[in-house]
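Residue strings, one per chain:
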Amino acid sequence: DVKVTQSSRYLVKRTGEKVFLECVQDMDHENMFWYRQDPGLGLRLIYFSYDVKMKEKGDIPEGYSVSREKKERFSLILESASTNQTSMYLCASSLFGGDSYNEQFFGPGTRLTVL
Amino acid sequence: AQTVTQSQPEMSVQEAETVTLSCTYDTSESDYYLFWYKQPPSRQMILVIRQEAYKQQNATENRFSVNFQKAAKSFSLKISDSQLGDAAMYFCAYRALTNAGKSTFGDGTTLTVKP
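Just so you know, these numbers come straight off a predicted model, no measurement behind them. (Residues numbered from 1 in each chain as written. Chains lettered and ligands numbered in written order. Predicted model: local features only at pLDDT ≥ 70, side-chain atom pairs only at ≥ 80, totals over all residues. Heavy atoms only, no water.)

## Focus on the overall build of chain A
Alright, step 1. Helix and strand counts for chain A come out as zero helices and 11 strands.
Alright, step 2. If you list the helices and strands of chain A from N to C, you get β-β-β-β-β-β-β-β-β-β-β.
Alright, step 3. Here the C-alpha atoms of chain A give a radius of gyration of 13 Å, agreeing with the 13 Å that 2.2 N^0.38 yields for 115 residues.
Alright, step 4. Projecting the C-alpha coordinates of chain A onto the three principal axes gives extents of approximately 45 × 30 × 25 Å.
Alright, step 5. By the burial criterion, 51% of the 115 residues in chain A qualify as buried. (Helix = DSSP H or I, 4+ residues; strand = E, 2+ residues; numbered from the N terminus. Rg over C-alpha atoms; globule rule 2.2 N^0.38 Å. Buried < 20%, exposed > 50% of the residue type's maximum accessible area, 1.4 Å probe, protein only.)

## Some words on the interface of chain B and chain A
Many authors give the size of an interface as the accessible area that is lost as the parts come together.
Alright, step 1. The interface of chain B with chain A comprises 23 residues on the first partner and 28 residues on the second.
Alright, step 2. In total, chain B and chain A occlude about 2000 Å² of area from one another, counting both sides; carbon and sulfur atoms represent 52% of this.
Alright, step 3. Here chain B and chain A share two salt bridges between them.
Alright, step 4. Arg50 of chain B serves as the salt-bridge partner of Glu103 of chain A, at 2.8 Å between the closest nitrogen and oxygen.
Alright, step 5. Counting every contact that joins chain B to chain A gives seven residue pairs in polar contact (both at pLDDT 80 or more).
Alright, step 6. Looking at the side of chain B that touches chain A, the elements with two or more residues in it are strand E5 (32-39), strand E6 (46-52) and strand E10 (88-96) of chain B.
Alright, step 7. Its residues placed into classes, the side of chain B that touches chain A shows 10 nonpolar, eight polar and five charged. (Contact = heavy atoms within 4.5 Å. Buried area = accessible area lost by both parts, 1.4 Å probe. Salt bridge = Lys/Arg side-chain N within 4 Å of Asp/Glu carboxyl O. Polar contact = N/O pair within 3.5 Å; in protein donor to acceptor, adjacent residues only side chain to side chain. Nonpolar A, V, L, I, M, F, W, Y, C, P; charged D, E, K, R; others polar.)

## Let's talk about the nonpolar core
Alright, step 1. Counting 26 residues, the largest nonpolar core has Tyr25, Trp36, Phe75, Leu77 and Tyr90 of chain B as the members making the most contacts within it.
Alright, step 2. Elements that contribute at least two residues to this core include exactly strand E3 (19-21), E5, E6, strand E8 (64-69), strand E9 (74-79), E10 and strand E12 (109-114) of chain B.
Alright, step 3. By residue number, the principal contributor to this core is E10 of chain B, which donates five residues.
Alright, step 4. Here Phe75 of chain B is in contact with Cys23, Tyr25, Leu34, Phe35, Trp36, Gln51, Val66, Asn67, Phe68 and Cys92 of chain B, once residues within four sequence places are set aside.
Alright, step 5. Val4, Leu21, Tyr89 and Cys91 of chain A belong to the second-largest nonpolar core, a separate cluster that totals 21 residues. (Core = buried A, V, L, I, M, F, W, Y, C linked by side-chain atoms within 4.5 Å.)

## Here's the deal with the state of the cysteines
Working definition of a disulfide: a covalent bond connecting the sulfur atoms of two cysteines.
Residue and element names in this part refer to chain A.
Alright, step 1. Considering all chains together, one arrives at two disulfides over all chains under this definition.
Alright, step 2. Through a disulfide, Cys23 is tied to Cys91; the S-S separation comes to 1.9 Å. Here the disulfide of Cys23 and Cys91 is left-handed, its torsion about the S-S bond being about -80 degrees. Of this pair, Cys23 sits in strand E3 (residues 19-25) while Cys91 is found in strand E9 (residues 87-94), placing the two residues 68 residues apart along the sequence.
Alright, step 3. A relative accessible area of 0% means that Cys91 is categorised as buried. (Disulfide = S-S within 2.5 Å.)

## Quick look at the environment of Gln85 of chain A
Residues and elements named next belong to chain A.
Alright, step 1. One can find Gln85 in the loop between strand E8 (73-78) and E9.
Alright, step 2. Given a relative accessible area of 4%, Gln85 falls into the buried group.
Alright, step 3. When the C-alpha positions of Gln85 and Leu43 are compared, they lie 14 Å apart, and in sequence the two are 42 residues distant.
Alright, step 4. Not counting residues up to four positions away in its chain, the partners in contact with Gln85 are Arg36, Gly63, Tyr64, Leu78, Ser80, Leu112 and Val114.

## Side note on the sheet that holds strand E1 (residues 4-6) of chain A
Residue and element names in this part refer to chain A.
Alright, step 1. Ordered by their spatial adjacency, four strands build an open sheet running E1-E3-E8-E7, and the pairing between neighbours is antiparallel. Pairing within the sheet leaves two strands with one partner each, and these edge strands are E1 and strand E7 (65-70). Between one strand axis and the next, the sheet turns by 20 degrees as a mean value, whatever way the strands run.
Alright, step 2. Taken together, the three bridges between E1 and E3 define a ladder with antiparallel strand orientation. The residue bridging Val4 from the neighbouring strand is Gln25, located in E3. (Pairing = 2+ DSSP bridges. Axes fitted to C-alpha atoms, helices over the stretch in contact; angles between N-to-C directions.)

In structure tokens, the structure reads:
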């Protein structure tokens, strides 16, 4: 059974802390994504990676950075957490290539609260 | 830029009845893929159904079917014989053939199923 896992389901951090959210997939997918999900705002793409060490900014990259040192792992980093980064964070992965469906597979999400 | 609009933030349906969720999108591309994803409460987002733009036949997956109107840029999801387990947030998504990775998501529709 294919899987995308995220390191924590719930996380509580203090303002100013450095926060790491980890995502691992076991499907040998090239693409990995980090989204933020807020009520009424749908899914907003933070960062996208299409290969090891490759990354591309999404719609809302400010305040975030990412790391992809291995194909199966994609980390989201909040350098200095702020209260407006309290949200649900979803990781996803997919195959690379435009000429087939290549739908995304999602992790369970991490609900981050910044106090 | 492509946009995806789900005009119904919330919908409800009686168990065993049929409900249709709306989705429209804006694109200048001729080839693309469309998806409906389901996110049950506190559970992982999963793919429900998918459609290729160049296929005229509407996709069907058991009780789920789509009404794809390419000229109108409309991609609605019909759920027949609704079940309690269908209660979830549903997201419509678009990906251009020329885009090897990223999808554009709508804001979601929360579906309630009444017993």
